[in-house]
Amino acid sequence: TEIDSTITINLSGYVQKGPFINGTSLIITELDDSLLATGKTFTTQINNNQGSFSLKTNQLGYTTLQLIASGFYFDEVKGEKSSAQLTLFALTDISDNTQVNVNLLSHLEFNRVLYLIQEEGKSISDAKQQAQREILDIFGIARENMTISELLDISQVGKDNAILLAISAVLQGDQSVAGLSELLANISTDIREDGVINSPATLNK
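**Things to note about the overall build of the protein chain**
Reasoning step 1: A tally of helices and strands in the protein chain yields 5 helices and 8 strands.
Reasoning step 2: For the protein chain, the sequential pattern of α-helices and β-strands runs β-β-β-β-β-β-β-β-α-α-α-α-α.
Reasoning step 3: The C-alpha extent of the protein chain, read off along each of the three principal axes, is 50 × 40 × 30 Å.
Reasoning step 4: When the 205 residues of the protein chain are sorted by exposure, 47% land in the buried category.
Reasoning step 5: Here the contacts in the protein chain between residues at least 6 apart in sequence split such that 63% fall between residues at least 24 apart.
Reasoning step 6: Surface summary for the protein chain: the accessible area is close to 9,700 Å², and the carbon and sulfur share equals 47%.

Take a look at the structure:
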């Protein structure tokens, strides 16, 4: 959706696997209504070990944003900082909310949401709801009216936040960062067109 570029937007949120640590870089790209990059890109970084970031700008002309975060994170399973960097994505529409959290659910749904919008003509809201529901199904979780992925926060109370934490811990397991990255990529690629995991190897993992 187009917006008045003179309006100042205060964007904020958290990047979490566990929390990404101070200094993590974050690239925010504006997308038009066809989900094509407009050429406007903003860079910021996490400013504490809770994974929080903020960006204030009056340069946005559209409400759809792509976020890419790359950095070290606190491994909530091992209880220590990750040994390598992890990259996570999020796609969001800030029409109604300028709080944007980047996490494993926002990452896993990313390619599926793009497919549903570009290939099946879904709205971003409907696409995100469908993709999130399909991902929860993979983990055997049924949850009606789940909070959208970019508003979930593993440091806060509530069942929806607990679901994100549980999925994050399950996917991490005892894996290295490289192993986790590969698993996330395999799931994301597999569910892109039909919303389910078809690979027995990925399901077994």
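**Observations concerning the packing of aromatic side chains**
Aromatic rings in a pair are described by how distant their centres are and how their planes are angled relative to each other.
Reasoning step 1: For the structure shown, the criterion picks out 2 aromatic pairs.
Reasoning step 2: A cation over a ring is seen here: K81 above F72, with NZ or CZ 5.5 Å from the ring centre.

**A look at the pattern of salt bridges**
Reasoning step 1: Tallied over the full model, the rule gives 7 salt bridges.
Reasoning step 2: Here E134 ties to R112 by a salt bridge, and the two come within 2.8 Å at their closest N and O atoms. Of the two residues, E134 sits in helix α2 (residues 124–138) while R112 sits in helix α1 (residues 104–120), which places them 22 residues apart along the sequence. Both residues of the pair, E134 and R112, belong to the buried class.
Reasoning step 3: E150 serves as the salt-bridge partner of K128, at 3.0 Å between the closest nitrogen and oxygen. Separated by 22 residues along the polypeptide, K128 in helix α2 and E150 in the loop between α2 and α3 (159–172) bring together distant segments of the chain.
Reasoning step 4: Residue classification places E150 among the buried residues on the basis of a relative accessible area of 2%.
Reasoning step 5: Linked through salt bridges whose partners overlap, the residues forming this network are E109, K128 and E150.

**Regarding the packing of α1 against helix α4 (residues 177–191)**
Reasoning step 1: Two elements in contact, α1 and α4, have axes separated by 7 Å at closest approach and are oriented at 40°. In the crossing of α1 with α4, the sense of the turn from one axis to the other is right-handed. In this structure, α1 contributes L104, H107, L108, N111 and R112 to the contact, and α4 contributes L184, I187, S188 and I191.

**Describing unusual backbone geometry**
Reasoning step 1: In this structure, L35 takes a positive phi of about 65° despite not being glycine.
Reasoning step 2: By secondary structure assignment, the location of L35 is in the loop between β2 (25–31) and β3 (37–45).
Reasoning step 3: Exposure remark for L35: the relative accessible area of 11% places this residue in the buried category.

**Brief notes about the side chain of T57**
Reasoning step 1: Among the secondary structure elements, T57 is positioned in strand β4 (residues 52–57).
Reasoning step 2: A distance of 3.0 Å separates a polar side-chain atom of T57 from the backbone nitrogen of Q59.
Reasoning step 3: Apart from residues lying up to four places away in sequence, T57 is in contact with I7, T8, I9 and F42.

**Quick notes on the side chain of Q66**
Reasoning step 1: For Q66, the position within the fold is in strand β5 (residues 64–71).
Reasoning step 2: In this structure Q66 touches I27, I28, T29, L31, A90, L91 and F110, once residues within four positions along its chain are discounted.

**Some points on the environment of L60**
Reasoning step 1: By the element assignment, L60 lies in the loop between β4 and β5.
Reasoning step 2: Sequence separation of L60 and L105 is 45 residues, and the distance between their C-alpha atoms is 25 Å.
Reasoning step 3: When neighbours within four sequence positions are excluded, L60 is seen to be in contact with I3, D4, S5, I9, E30, K40, F42, L65 and I94.

**Focus: α2**
Reasoning step 1: Taking 1.5 Å per residue as the helical rise, α2 with its 15 residues ought to reach 21 Å, and the 21 Å between its terminal C-alpha atoms agrees with that figure.
Reasoning step 2: Every buried residue of α2 is accounted for by I124, A127, K128, Q130, A131, Q132, E134, I135 and L136.
Reasoning step 3: Elements that come into contact with the buried residues of α2 comprise β5, β8 (86–93), α1, α3 and α4.
Reasoning step 4: Where α2 ends, the next residue or the one after it, G140, has phi of about 70°, a positive value.

How each quantity is defined
Residues numbered from 1 in each chain as written. Predicted model: local features only at pLDDT ≥ 70, side-chain atom pairs only at ≥ 80, totals over all residues. Heavy atoms only, no water. Helix = DSSP H or I, 4+ residues; strand = E, 2+ residues; numbered from the N terminus. Buried < 20%, exposed > 50% of the residue type's maximum accessible area, 1.4 Å probe, protein only. Contact = heavy atoms within 4.5 Å. Areas by Shrake-Rupley, 256 points an atom, 1.4 Å probe, with all protein chains shown as cover. Phe/Tyr/Trp six-rings, centres within 6.5 Å; stacked < 30°, edge-to-face > 60°. Lys NZ or Arg CZ within 6 Å of the ring centre and 35° of its normal. Salt bridge = Lys/Arg side-chain N within 4 Å of Asp/Glu carboxyl O. Axes fitted to C-alpha atoms, helices over the stretch in contact; angles between N-to-C directions. Left-handed = near helix turned anticlockwise from the far one by under 90°. Polar contact = N/O pair within 3.5 Å; in protein donor to acceptor, adjacent residues only side chain to side chain. Expected span 1.5 Å × (residues − 1).

Scope: geometric values only; no functional claims are made or implied.
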